[in-house]
Amino acid sequence: GDVDGLSSEEFCAAYLATLCESALKRFRNSSGNGKAVEYDNLVTKLIQDVIPIHFGIKVDENARQRILNVSTVYSKSKNGDKDWLEDSSTKDARSTLEIRAAGE
């Protein structure tokens, strides 16, 4: 389709929708091997559910501590020298009505 008439918010929403649709398609085609995991409390979910139950790998105290340590590093930091900070509520608060409408 033609994207020239879309606002920046609508374009971004359409892009995010294609990512979500692609992920959902892969999940549905995973023959039961895939697992959808909500982002909230992701590290806890990895430690308590995804790694030990879904993948069947024991998470002992040493592994748990390593996961917690790695989770404090910002994933997009090129040198691993930037700490990760929860910013979802800040992003939500800064979103405009146009952004929210485009996401509907």
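Residues numbered from 1 in each chain as written. Predicted model: local features only at pLDDT ≥ 70, side-chain atom pairs only at ≥ 80, totals over all residues. Heavy atoms only, no water.

Caption draft 1: Spatial organisation of the overall build of the protein. For the protein, the helix and strand inventory stands at 5 helices and 0 strands. Listing each helix as α and each strand as β along the protein from the N terminus yields α-α-α-α-α. By the burial criterion, 8% of the 104 residues in the protein qualify as buried. Residue pairs in contact within the protein that sit at least 24 positions apart in sequence constitute 25% of those at least 6 positions apart. (Helix = DSSP H or I, 4+ residues; strand = E, 2+ residues; numbered from the N terminus. Buried < 20%, exposed > 50% of the residue type's maximum accessible area, 1.4 Å probe, protein only. Contact = heavy atoms within 4.5 Å.)

Caption draft 2: Region of the structure containing helix 2 (residues 42–54). Relative to the 18 Å expected for 13 residues at 1.5 Å per residue, helix 2 spans just 14 Å between its end C-alpha atoms, considerably shorter than the ideal helical length. What helix 2 keeps buried is the set Ile47, Val50 and Ile51. Residues of helix 2 that are buried make contact with helix 3 (61–70). Once helix 2 ends, the next one or two residues include glycine 56, with phi positive near 70°. (Expected span 1.5 Å × (residues − 1).)

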